[in-house]
Amino acid sequence: NAFVPVLYYQIYYKTNINQLTEFISDKLPEENISDKTDSYINSSDMQDITYDLYNLATQELCTMDRISFLVGSAACEMPASYSEEAIKAQAIACYTNALRLKATNEYTQGDISDDSRIHQGYIDEAQRKEKWGADFEKYETKLKNAVKDVENEALYYNNELCVAAFYAISCGKTETAKNIWGTHVPYLISVDSKGDKFSPNYASTVVFDRTDFIKNAIKICPEIKNIKTTESILVVTKKSPSGTVLEATLNGKKFSGEELRKAFSLRSPVFTVKATADAVTFNVSGYGHGVGMSQYGSDYLARQGMNYKEILLHYYSGVQLKSTAP
């Protein structure tokens, strides 16, 4: 489920386009993903391609076919209760990212990891049975049907596989990649996602007393350990048009909203701050980095009648959906 737990939201980003690291909002990623594609992507033996998935828990390499991989990935990354069109969009995003990783050979332990802190998540059939319980047959059938409908489709921009970033809930607008990663990505720009505001998980509030605030702030601002009051200790000074905190001063030093989000385990970099003498309160909007496809937003659009193609073209500007089948 994309909405748990909060600790997933401690994020580190690299700023090179070939090192954009996070696919969804609730993970702690750090990995290399390249723009490059390989000739095999359009080859005649595409149907026979398998994926070597590194299982972090067992430290074993598991080889699986595309359907098995995509069902397990979609099941891990998006609630199975979401609309089938949203699940199709999610499966295509997962497939696009997996193709990019497989093409670059940059991950030395396999094609991709099931560790959602560095790649995108995956759960096997046994884990899906445990997760869904009595609803297993219903959701398993639903996801398999959705995946089979789109198993050959991937996202491209200028004939190169996309960084298909996704996350749980936007603040009502998605964020441009440059404001989060420091690198312009032409298809990851701000678009409306107003349906996210209807999510029960849209808003969150986190309150730190002075002791806990110092304990977290010291990660990025060591000298803060000696402060006697938290009044005016943290002030937001610059926001993007989408609402992301671009700059704030902490004890007089400048930090980005992403740095503060990581330090304080906030759900998103869209927040306001109230700092009194003894406590600091964060009021946070959305759930995730905000770049690319909002998962709740995609489900909302599906419920308004959009199909998966329309959803993807809404969130990834100017991309093309192409078949990888021979």
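We now turn to the structure provided with this report. Source: prediction; values computed, not measured. Every chain begins its residue count from 1, and numbering advances along the sequence as written. Note on the predicted model: pLDDT of at least 70 is required for a residue's local features to be given, and 80 or more for side-chain atom pairs to be given and counted; whole-chain, interface and lining totals, by contrast, use all residues. By convention in this description, side-chain values take in all heavy atoms of the structure and omit both hydrogens and water.

### Focus on the packing of aromatic side chains
The way to describe two aromatic rings as a pair is by their centre distance and the angle between their planes.
Then, number 1: Two aromatic rings, drawn from Phe, Tyr or Trp (for Trp, its six-membered ring), form a pair once their centres lie within 6.5 Å of each other, and the interplanar angle then sorts them: stacked below 30 degrees, edge-to-face above 60, tilted otherwise. Scanning the entire structure with this criterion turns up 11 aromatic pairs.
Then, number 2: With a centroid separation of 5.0 Å and an interplanar angle of 20 degrees, the aromatic rings of F213 and F264 are classed as stacked. Residue F213 is located in helix 6 (residues 210-217), and its partner F264 is located in helix 7 (residues 257-264); the two are separated by 51 residues in the primary sequence. For the pair F213 and F264, one class covers both residues: buried.
Then, number 3: Seen in terms of ring centroids, F264 and F282 are 5.1 Å apart; in terms of plane orientation they differ by 40 degrees. Their pairing is tilted. In this pair, F264 sits in helix 7 while F282 sits in strand 12 (residues 279-285), placing the two residues 18 residues apart along the sequence.
Then, number 4: Relative accessible area decides the class of each residue, using a 1.4 Å probe on protein chains only: under 20% of the type maximum gives buried, over 50% gives exposed, and in between gives partly exposed. The buried category is assigned to F264, whose relative accessible area is 2%. Under the DSSP-based scheme used, a helix requires at least four consecutive residues in state H or I and a strand at least two consecutive residues in state E, with every element numbered from the N terminus.

### Thoughts on the sheet that holds strand 12
In sheet architecture, strand pairing relies on hydrogen bonds along the backbone and comes in two forms, parallel and antiparallel.
Then, number 1: DSSP calls a pair of strands paired once it identifies at least 2 bridges connecting them. Ordered by their spatial adjacency, three strands build an open sheet running 7-12-11, and the pairing between neighbours is antiparallel. Across the chains shown, the open sheet's two edge strands, defined by having one partner strand only, are strand 7 (203-209) and strand 11 (271-275). Taken over all neighbouring pairs, the strand axes of this sheet differ in orientation by 15 degrees on average, direction set aside.
Then, number 2: Where strand 7 lies against strand 12, seven bridges are found, and the strand directions are antiparallel. In the strand pairing of strand 12, T205 is matched with N283.
Then, number 3: When checking whether two residues touch, look at their non-hydrogen atoms; a contact exists if any pair is within 4.5 Å. Helix axes are fitted only over the stretch in contact, all axes being lines through C-alpha atoms; the angle between N-to-C directions runs from 0 to 180 degrees. Contacting strand 7 and strand 12, helix 6 crosses the sheet at an angle of about 100 degrees to strand 7.

### Considering the sheet that holds strand 4 (residues 153-157)
Then, number 1: Spatial strand order, 5-4-14: three strands in an open sheet with antiparallel pairing. Of all strands in the sheet, those bounded by a partner on one side alone are strand 5 (160-161) and strand 14 (320-323).
Then, number 2: In terms of strand pairing, strand 4 meets strand 14 through four bridges, oriented antiparallel. Each bridged residue has a counterpart across the sheet, and for Y156 the counterpart in strand 14 is Q320.

### A look at the environment of M306
Then, number 1: Note on placement: M306 falls in the loop between helix 8 (295-303) and helix 9 (308-315).
Then, number 2: If near-sequence neighbours (up to four positions away) are discounted, M306 is found in contact with E85, L301 and I311.

### Focus: helix 1 (residues 66-77)
Then, number 1: In this model, helix 1 (12 residues) spans 16 Å end to end at C-alpha, consistent with the 16 Å of a helix rising 1.5 Å per residue.
Then, number 2: Taken across its 12 residues, helix 1 has 11 buried, putting it largely inside the fold.
Then, number 3: For helix 1, every residue scored as buried is listed here: R66, I67, F69, L70, V71, G72, S73, A74, A75, C76 and E77. Each residue after the first adds 1.5 Å to the expected span of a helix.

### Concerning empty space enclosed by the protein
Then, number 1: Cavities and pockets were defined on a 1 Å grid built over protein atoms only: a cavity is a set of grid points that admits a 1.4 Å probe from which the probe cannot escape, a pocket is an open set flanked by protein on both sides within 12 Å along at least five of seven lines, and lining residues are those with an atom within 4 Å of any such point. Grid points are joined across faces, edges and corners, and a volume is the space filled by probe spheres set on the points. Evaluated as defined, the whole model comprises one cavity of 30 Å³ or more.
Then, number 2: For the largest cavity, the calculated volume is near 70 Å³.
Then, number 3: If you trace the largest cavity, you find 17 residues lining it, with C171, K173, V270, H289 and G290 closest to the centre.
Then, number 4: When residue character is reported, Ala, Val, Leu, Ile, Met, Phe, Trp, Tyr, Cys and Pro are called nonpolar, Asp, Glu, Lys and Arg charged, and the others, Gly included, polar. Taken together, the residues of the lining of the largest cavity sort by class into five nonpolar, 10 polar and two charged.

### Focus: the packing of helix 1 against helix 4 (residues 136-150)
Then, number 1: One can describe the packing of helix 1 onto helix 4 by two numbers: an axis separation of 9 Å at closest approach and a directional angle of 120 degrees. As judged from the angle between their axes, helix 1 and helix 4 are oblique. When you trace helix 1 past helix 4, the crossing you get is right-handed. Here helix 1 contributes I67, L70, V71, A74 and A75 to the contact with helix 4, which in turn contributes E140, L143, K144, V147 and K148.
Then, number 2: Among the residues forming the contact of helix 1 with helix 4, the class breakdown is seven nonpolar, no polar and three charged. In these notes the angle categories are as follows: under 35 degrees is roughly parallel, over 145 is roughly antiparallel, 65 to 115 is roughly perpendicular, and the rest is oblique. Here is the rule for handedness: rotate from the far helix to the near one, and if that takes an anticlockwise turn smaller than a right angle the crossing is left-handed, while a clockwise turn gives right-handed.

### A look at the side chain of T230
Then, number 1: Residue position: T230 is located in the loop between helix 6 and strand 8 (234-239).
Then, number 2: Note on T230: relative accessible area 0%, which makes it buried.
Then, number 3: One polar contact links the side chain of T230 to the main-chain amide nitrogen of A279, over a distance of 3.2 Å.
Then, number 4: Each residue touching T230, except ones within four places of it in the same chain, is listed here: R210, F213, A275, T276, A277, D278, A279 and V280. Polar contacts, as counted here, are pairs of nitrogen or oxygen atoms within 3.5 Å of one another; within protein the pair requires one atom able to donate a hydrogen and one able to accept it, and residues that are adjacent in sequence qualify only if both atoms are side-chain atoms.

### As for the environment of T205
Then, number 1: Structurally, T205 is set in strand 7.
Then, number 2: Taking relative accessible area as the criterion, T205 reaches 52% and is therefore assigned exposed.
Then, number 3: In this structure, the C-alpha to C-alpha distance between T205 and R267, residues 62 residues apart in sequence, is 9.5 Å.
Then, number 4: Sequence-distant contacts of T205, that is, excluding residues within four places in its chain, are made with T281, F282 and N283.
Then, number 5: A polar atom in the side chain of T205 sits 2.9 Å from the side chain of N283.

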